[in-house]
Amino acid sequence: MSAASQRFALIAVRCVFAAKWLRQNVYLAVGTVIILAFLIAAVFGEQIAPYGANKQNLLNSLEGPSEAHWLGTDPLGRDLLSRVVVGTRHTLSVAVISVTLSCFLGVILGLISGFVRGHLATAVDAIVDVALTIPNMILAISIAAVMGAGLTGLIIAISISFTPPISRIVRGRVLEIREEDFILAARTIGVRPWRILLRHVLPNAATVIVIEASLQAGQAVLTATALGFLGLGVQPPTPEWGTLLGYGREYLHSAPFMVIAPGLAISLMVLGFNLLGDGLRDLLDPRVGN
Amino acid sequence: MKPALRFLALRILRAIAIAFAVVTIIFFLFSLVPGDQAAYLAGPGSTQAEIDRLRESLGLNDPVLIQYFRHVAGLLQGDFGTSEVYKSDPLPFIIERIPATLALTAAAIGLTVVIGIPAGLIAAMFHARLPDLAISVSVVALLAVPNFWLGLLLLSFFSVQLGWLPSFGFSSPAALILPSLALAARLIALVARMTRGVTIDELGKDYVRTARSKGLGRITILLRHVLRNVMIPTLTVIGLQTGYLLGGSVVIERLFAWPGIGDLMINAIGQRDYAVAQAVTILFVIAFLIINLIVELLYVLINPRMRAA
């Protein structure tokens, strides 16, 4: 068989396996569908949304759900469905970017404290220990307060406050791996430590990292929208979900429908990430039987 | 010294060391605030001389390290700096607001125990049947719902539509219901899930079979024998989620205009009153450390196996 057809066969087999996994693993399937749907909404928000997210129409202010505006309109007559759809981008990108950053940092710190011995590891351990005693949300609020409200501040706040737990989990896994025979074997034949770290330890820790990243993404959505709700996130008129809820709170008496859609969207996205994480855990982590 | 006392002493020393480190981190974090604090506080229309005088009186001209040592020395004497909004020591304003936050978090923990544990026990008793399914689905749903949205929905329904409960402030004990429920929802879900898992495990153990063969009823076994073993993981969950409770209380207090320290913190940030924001952050961390100490102590009290260790 030629190399190309071999590769094709391999891909085909993998696809069959993936389909089988998805059928066996309902969590993973549902989570994947939800997150894919949000991904599409994030990329094509403007095309999907029936109206412009910031298109005002003061004659239609605070209208309840109708055929023209499925979820109603806000005080400026903006279509709520469009605002929620277009707002997907902000929440999703904040979650994905900050979890990527915190995983990157957390993995580096976790590898150092789990694999490298000496003063550096002790120092990293101490810092992570201390950082873990600052409640996540409080740390995020403080950082957001110092950085000032906005997208950058939000991402930095969440990335930093999510790094310690990830580093702790990576550390735990690395401590397990370093006791394995294959690491000893690699050491014995004289493989250099950094190579062991990158080629043997990291790939074996990858499972834990992927699962944790997915679960943390759900938490990042909750934190990001909570900061938005508190007025410390992305500023209006950007239709960020948390900010929309904060705005809707002021109209709870006259227009209670304003808070339905953004909250539903947040919950669905968190649900998607949680299911994805749980599904990945069932799939990848043989120690957790179901 | 008794091992238990030694353990306690070591834990307390560790907590103090961590508190000191956190104070340091928070100080340097807040020293990063951009812009001229003195110019902002002096207000628009103030002369350069006034701004300079204010900056000098706040000690903002000194090197950061000097400011840091002054800050730590102040904290040790109970001096949390000067609130620029209240023009005074912020401590009385903070202390005045502590009971409301305590009431909120305590009520949330109470609700968690009262709802979460029975829900988990029921799910385990009806394992793989309808009640179990219903509870398990609710748990997954509750873990995805943001607490402030749940709060908004509760507020909208019970206060605005039905008018049964007050929508803001801490005017009566009834006002506690909605905010503590919104804050507790996530914890209730976690505790129910944990209780369900542990109970299913425990029900398959030998001592349960022995109790059954002795003729004890299922409910008696559950409440007298199994529940005892379920308490430890439950306590663990609550202990691990203390950070969530404190952080969540800030958001919930804001939503319900609850007169606690979380609301104070967000107000202070809005008014750029960083001395207060910093003081509240430090207080939150200290509360967190103290609660974790208490949880560790409770562990030793509940679990005789740990007393020997």
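Residues numbered from 1 in each chain as written. Chains lettered and ligands numbered in written order. Predicted model: local features only at pLDDT ≥ 70, side-chain atom pairs only at ≥ 80, totals over all residues. Heavy atoms only, no water.

*Asks:* Where do I start with the overall build of chain A in this structure?
*Replies:* For chain A, the helix and strand inventory stands at eleven helices and zero strands. Reported as C-alpha extents along the three principal axes, the dimensions of chain A are approximately 80 × 55 × 35 Å. Looking at chain A as a whole, 50% of its 290 residues qualify as buried. Across chain A, every contact between residues at least 6 apart in sequence was considered, and the portion connecting residues at least 24 apart equals 72%. Total accessible area on chain A is roughly 13,800 Å²; 67% of this is exposed by carbon and sulfur atoms. Between the centroid of the 20 positive side chains of chain A and the centroid of its 17 negative side chains there is a distance of 11 Å. (Helix = DSSP H or I, 4+ residues; strand = E, 2+ residues; numbered from the N terminus. Buried < 20%, exposed > 50% of the residue type's maximum accessible area, 1.4 Å probe, protein only. Contact = heavy atoms within 4.5 Å. Areas by Shrake-Rupley, 256 points an atom, 1.4 Å probe, with all protein chains shown as cover. Lys, Arg positive; Asp, Glu negative; His and termini not counted. Charge placed at Lys NZ, Arg CZ, Asp CG, Glu CD.)

*Asks:* Sorry if this is basic, but what is going on with the confidence of the model for chain B here?
*Replies:* Looking at chain B as a whole, the pLDDT averages 83, with 94% of positions reaching at least 70. What the predictor reports for the complex is a pTM of 0.84 with an ipTM of 0.84. (pLDDT = per-residue confidence, 0-100.)

*Asks:* Honestly, the interface of chain A and chain B in this entry has me stumped. Any pointers?
*Replies:* Frequently, the measure chosen for interface size is the accessible area removed from exposure when the parts meet. Contact with chain A, which involves 36 residues of that partner, is made by 43 residues of chain B. Buried area between chain A and chain B, both sides added, is near 3,300 Å², and the carbon and sulfur share of it is 79%. By the criterion of area lost to chain B, the three top residues of chain A are Thr133, Ile138 and Val146 of chain A, representing 18% of everything that side buries. One can count one salt bridge joining chain A with chain B. (Buried area = accessible area lost by both parts, 1.4 Å probe. Salt bridge = Lys/Arg side-chain N within 4 Å of Asp/Glu carboxyl O.)

*Asks:* Just checking my understanding: could you explain the layout of surface pockets for this structure?
*Replies:* Empty space left among the atoms is revealed by rolling a probe the size of a water molecule over them. Residue and element names in this part refer to chain B. By volume, the second largest pocket amounts to about 870 Å³. Lining the second largest pocket we find 28 residues, and of these Phe27, Leu58, Leu60, Gln67 and Gln278 sit closest to its centre. Examining the composition of the lining of the second largest pocket, we find that six residues originate from one element, helix α4 (residues 64-76), more than from any other. A class-by-class count of the residues in the lining of the second largest pocket yields 13 nonpolar, ten polar and five charged. (1 Å grid on protein atoms, 1.4 Å probe; cavity = no way out; pocket = protein on both sides within 12 Å on 5 of 7 lines; lining within 4 Å. Points joined across faces, edges and corners; volume = space filled by probe spheres on them. Nonpolar A, V, L, I, M, F, W, Y, C, P; charged D, E, K, R; others polar.)

*Asks:* What am I meant to see in the side chain of glutamine 241 of chain B here?
*Replies:* Residues and elements named next belong to chain B. Along the chain, glutamine 241 falls in the loop between α10 (218-240) and α11 (242-255). A relative accessible area of 17% places glutamine 241 in the buried class. Glutamine 241 has contacts with Arg186, Leu187 and Leu190, leaving out every residue within four places of it along the chain.

*Asks:* Sorry if this is basic, but what is going on with the packing of aromatic side chains here?
*Replies:* Any two aromatic rings considered together are summarised by their centre-to-centre distance and by the angle between their planes. Applying the stated criterion to the full structure yields nine aromatic pairs over all chains. Plain terms: the ring middles of tyrosine 247 of chain A and tyrosine 251 of chain A are 5.6 Å apart, the flat faces sit at 80° to each other, and that makes the pair edge-to-face. Judged by relative accessible area, which is 24%, tyrosine 247 of chain A ranks as partly exposed. The class of tyrosine 251 of chain A is partly exposed, set by a relative accessible area of 22%. Pairwise contacts between aromatic rings join Phe27, Phe28, Tyr68 and Phe69 of chain B into one cluster. Lying over the aromatic face of phenylalanine 115 of chain A, arginine 178 of chain A brings its terminal NZ or CZ to 5.8 Å of the ring centre. (Phe/Tyr/Trp six-rings, centres within 6.5 Å; stacked < 30°, edge-to-face > 60°. Lys NZ or Arg CZ within 6 Å of the ring centre and 35° of its normal.)

*Asks:* How do you make sense of the environment of alanine 257 of chain B when you look at a structure like this?
*Replies:* Tracing the sequence through the fold places alanine 257 of chain B in the loop between α11 and α12 (261-270). Along the backbone, alanine 257 of chain B and proline 179 of chain B are 78 residues apart, and their C-alpha atoms lie at a distance of 9.9 Å. The residues contacting alanine 257 of chain B, other than those within four sequence positions of it, are Arg249 of chain A together with Phe168 and Gly169 of chain B.

*Asks:* Is there a simple way to think about the pattern of salt bridges in this case?
*Replies:* For side chains of opposite charge, pairing can occur when their charged atoms come near one another. Residue and element names in this part refer to chain B. The full count for this structure, using the stated rule, is eleven salt bridges over all chains. A salt bridge links arginine 97 to aspartate 263; the shortest N-O distance between them is 3.6 Å. Of the two residues, arginine 97 is situated in helix α5 (residues 91-125) and aspartate 263 in helix α12; the sequence distance between them amounts to 166 residues. Relative accessible area serves as the criterion here: at 17%, arginine 97 is assigned to the buried category.

*Asks:* Sorry, what's going on with the nonpolar core here?
*Replies:* As a rule of thumb, soluble globular proteins bury nonpolar side chains together. By size, the foremost hydrophobic cluster in this structure holds 131 residues, and its most contacted members are Ile141 and Val201 of chain A. Looking at this core, the element that brings in the most residues is helix α9 (residues 193-229) of chain A, giving 16 residues. Summarising the domain contributions, this core has at least three residues from each of domain 1 (2-76) and domain 2 (98-270) of chain B. In contact with isoleucine 141 of chain A, not counting residues within four places along its chain, are Leu227, Leu230 and Leu232 of chain A together with Val250, Met265, Ile266 and Ile269 of chain B. Membership of the second largest hydrophobic core comes to 21 residues, among which are Ala119, Leu121, Ala189 and Ile238 of chain B. (Core = buried A, V, L, I, M, F, W, Y, C linked by side-chain atoms within 4.5 Å. Domains from an automatic or database assignment.)

*Asks:* How should α11 of chain B be read in this particular structure?
*Replies:* Since there are 3.6 residues in each turn of an α-helix, residues three or four apart along the chain are aligned in direction. Residues and elements named next belong to chain B. For α11, spanning 14 residues, the distance from its first C-alpha to its last is 20 Å, which sits close to the expected 20 Å at 1.5 Å a residue. At serine 249, α11 shows its strongest bend, of approximately 25°. The element α11 is extensively covered by neighbouring structure, given that 13 of its 14 residues are classed as buried. A positive phi of about 50° marks alanine 257, the residue just after α11. (Expected span 1.5 Å × (residues − 1). Bend = angle between axes of the 7 residues up to and from the residue.)

*Asks:* Whenever I open this one, helix α11 (residues 260-284) of chain A confuses me. Can you help?
*Replies:* Between its terminal C-alpha atoms α11 of chain A stretches 36 Å, which fits the 36 Å expected from 25 residues at 1.5 Å a residue. In terms of burial, α11 of chain A is largely enclosed, as 18 of its 25 residues are buried.

*Asks:* Explain the environment of isoleucine 266 of chain A to me, please; I cannot follow it from the model alone.
*Replies:* Positionally, isoleucine 266 of chain A belongs in helix α11. Spatially, the C-alpha atoms of isoleucine 266 of chain A and glutamate 179 of chain A are 41 Å apart, while their sequence positions differ by 87 residues. Apart from residues lying up to four places away in sequence, isoleucine 266 of chain A is in contact with Val221, Leu222, Thr225, Trp241, Gly242 and Leu245 of chain A together with Ala144, Pro146 and Phe148 of chain B.

*Asks:* Looking at this model, I keep getting lost on a nonpolar patch on the surface. Mind explaining?
*Replies:* Residue and element names in this part refer to chain B. Where nonpolar side chains cluster on the molecular surface, the patch consists of Met231, Ile286, Ile290, Ile294, Leu298, Leu301 and Ile302 and spans about 570 Å² of accessible area. At six residues, helix α13 (residues 274-302) tops the list of elements feeding residues into the nonpolar patch. Taking relative accessible area as the criterion, leucine 301 reaches 59% and is therefore assigned exposed. (Patch = residues over 30% accessible without salt bridge, like charges linked within 9 Å, V, L, I, M, F, W, Y side chains within 5 Å.)

*Asks:* Can you help me understand the environment of histidine 253 of chain A in this one?
*Replies:* Tracing the chain through its elements places histidine 253 of chain A in the loop between α10 (241-249) and α11. Remark: the alpha-carbon pair of histidine 253 of chain A and serine 214 of chain A, spanning 39 residues in sequence, is separated by 37 Å.

*Asks:* Even after reading the chapter, I still don't get the side chain of threonine 195 of chain B, so can you show me in this structure?
*Replies:* By secondary structure assignment, the location of threonine 195 of chain B is in helix α8 (residues 177-203). Beyond its immediate sequence surroundings of up to four residues, threonine 195 of chain B is in contact with Gly116, Ile117, Gly120, Leu121, Val230 and Thr234 of chain B.

*Asks:* I would appreciate a short explanation of unusual backbone geometry in the present structure.
*Replies:* Both trends apply: most residues other than glycine have a negative phi, and most peptide bonds are in trans. All names here are of chain B. Its identity is not glycine, yet alanine 257 carries a phi of approximately 50°, on the positive side. You can call alanine 257 partly exposed: its relative accessible area is 33%. In the Ramachandran plot, arginine 272 falls in the positive-phi region, its phi being about 55° despite a non-glycine side chain. Note on placement: arginine 272 falls in the loop between α12 and α13. A relative accessible area of 23% means that arginine 272 is categorised as partly exposed.

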